[in-house]
Amino acid sequence: MKTITLMTDFGEKDTYVAQMKGVILSICRDANIIDITHEIIPQNIEEGAFLLMNTVSFFPKNTIHVAVVDPGVGTDRRGIVIETEDFKLVGPDNGLLIPSAKKYSRFRVFEITNQNYLLPSQTHTFHGRDVFAPVAAHLAQDIDIENVGEEIHDYVDLDIWMGEIKEDRIVGKIMHIDRFGNAITNIEGKTILEHLEYDNRVLISVESREYEMPFVKSYGFVGKGEKLLTIGGNGFLEISMNQGNASQEMELKIGSKVIISL
């Protein structure tokens, strides 16, 4: 039984995700379908790429990951399959899949062109169901990836910029805000720990607004309602609030510039 994951910006209100699952199960009845998330901010390719990159390594070898954040659907943007040493990725050629593939030294990218692996009737606006879901289901049945289409090298690249040190500052930005209101940055924990120790108070600037808060190991090391900095479960610096919502309280947004003073 092969595992197929789904990550989209479709949300849970509509039937889009269910239709994708129906297509997969119609082709591969024993597929094990796992939802990563369907709450990517609509059309936010970078957020989707960041979350996918931080998730794929937790799945068993040979998992097939389908990711759809696709503002260019229906245009001449291509559909692709990527093969790495441990998993496959299926989705649009807009950079969404590339950061996950780059975790590995070697990967191959194939354009999806073989109509035999797509739905017979395809729409211009729902390639998640008509193209990517059936291709993933056929891959789960161990078809040769080279049957999907030709290997390409001019795929759309996307680098997830990691926070960097600039003189006496660490500069980054907010990549994702979780349901608890934690603002997750692109500043790696290892970078922070090279320059700061736990329990120090830190001066942080977010879009020119300055705050001073403690850098601690976890939320419970400060009082209820207090702001804090910590390294989250995926290894990146978070701006948080113990039993509160930092993003609402501080009006934090995805893409906001973050500066840590050293």
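Each remark here, short or long, concerns the structure printed above.
This one's a predicted model, so the numbers in the text were calculated from it and none came from an experiment. (Residues numbered from 1 in each chain as written. Predicted model: local features only at pLDDT ≥ 70, side-chain atom pairs only at ≥ 80, totals over all residues. Heavy atoms only, no water.)

To continue, consider helix α2 (residues 45-53). Among the 9 residues of α2, 8 are classified as buried, and the element is accordingly described as predominantly covered. Every buried residue belonging to α2 is among Ile 45, Glu 47, Gly 48, Ala 49, Phe 50, Leu 51, Leu 52 and Met 53, and all of these are buried. (Buried < 20%, exposed > 50% of the residue type's maximum accessible area, 1.4 Å probe, protein only. Helix = DSSP H or I, 4+ residues; strand = E, 2+ residues; numbered from the N terminus.)

Before going further, it helps to spend a moment on the layout of surface pockets. Empty space within the largest pocket amounts to approximately 230 Å³. As for the largest pocket, its lining consists of 13 residues, and the residues nearest its centre are Asp 9, Phe 10, Asp 70, Val 73 and Thr 125. The residue makeup of the lining of the largest pocket, split by class, is 7 nonpolar, 4 polar and 2 charged. Estimates place the volume of the second largest pocket at around 200 Å³. Around the second largest pocket, the lining comprises 14 residues; the ones closest to its centre are Arg 77, Gly 79, Ile 112, His 127 and Val 131. Among the elements that line the lining of the second largest pocket, the one with the most residues is helix α4 (residues 127-140), at 3 residues. Residues that form the lining of the second largest pocket fall into these classes: 4 nonpolar, 6 polar and 4 charged. (1 Å grid on protein atoms, 1.4 Å probe; cavity = no way out; pocket = protein on both sides within 12 Å on 5 of 7 lines; lining within 4 Å. Points joined across faces, edges and corners; volume = space filled by probe spheres on them. Nonpolar A, V, L, I, M, F, W, Y, C, P; charged D, E, K, R; others polar.)

With that settled, the discussion passes to the side chain of His 65. Turning to its location among the elements, His 65 is positioned in strand β3 (residues 63-68). What His 65 contacts, discounting residues up to four positions off in sequence, is Thr 5, Ile 36, Val 56, Phe 59, Phe 87, Lys 88, Leu 89 and Val 90. (Contact = heavy atoms within 4.5 Å.)

What follows is about the nonpolar core. Among the nonpolar cores identified, the biggest contains 31 residues, and Ile 4, Val 66, Val 90, Ile 112 and Leu 139 are the most heavily contacted of them. Counting only elements with at least two residues in this core, the list comes to β1 (3-8), α1 (16-27), β3 and α4. It is α4 that contributes the most residues to this core, 8 residues altogether. Look past the residues within four positions of Leu 139 in its chain and what remains in contact with it is Lys 2, Ile 64, Val 81, Lys 88, Val 90, Ile 145 and Val 148. One finds Met 7, Ile 40, Ile 82 and Ala 101 within the second-largest nonpolar core, a separate group that totals 27 residues. (Core = buried A, V, L, I, M, F, W, Y, C linked by side-chain atoms within 4.5 Å.)

What follows covers α1. For α1, built from 12 residues, the straight-helix expectation of 16 Å at 1.5 Å per residue is met to within 8% by its first-to-last C-alpha distance of 17 Å. Every buried residue of α1 is listed here: Val 17, Met 20, Val 23 and Ile 24. The buried residues of α1 occupy one face: seen down the axis, they fall within an arc of 125°. On its buried side, α1 packs onto β1, β2 (32-37), β3 and α4. (Expected span 1.5 Å × (residues − 1). Arc of directions from axis to C-beta.)

This part is about the pattern of salt bridges. Scanning the entire structure with this criterion turns up 15 salt bridges. One salt bridge in this structure joins Glu 46 and Lys 173, with 2.9 Å as the shortest N-O distance. Residue Glu 46 is found in helix α2, and its partner Lys 173 is found in strand β9 (residues 169-177); the two are separated by 127 residues along the sequence. We classify Glu 46 as partly exposed; its relative accessible area is 25%. Measuring nitrogen to oxygen at the nearest pair gives 3.0 Å for the salt bridge that ties Glu 212 to Arg 201. Note that Glu 212 is positioned in strand β12 (residues 209-214) and Arg 201 in strand β11 (residues 201-206), a separation of 11 residues in sequence. Both residues of the pair, Glu 212 and Arg 201, count as exposed. Through salt bridges that share partners, Arg 78, Asp 93 and Asp 154 make up one connected network. (Salt bridge = Lys/Arg side-chain N within 4 Å of Asp/Glu carboxyl O.)

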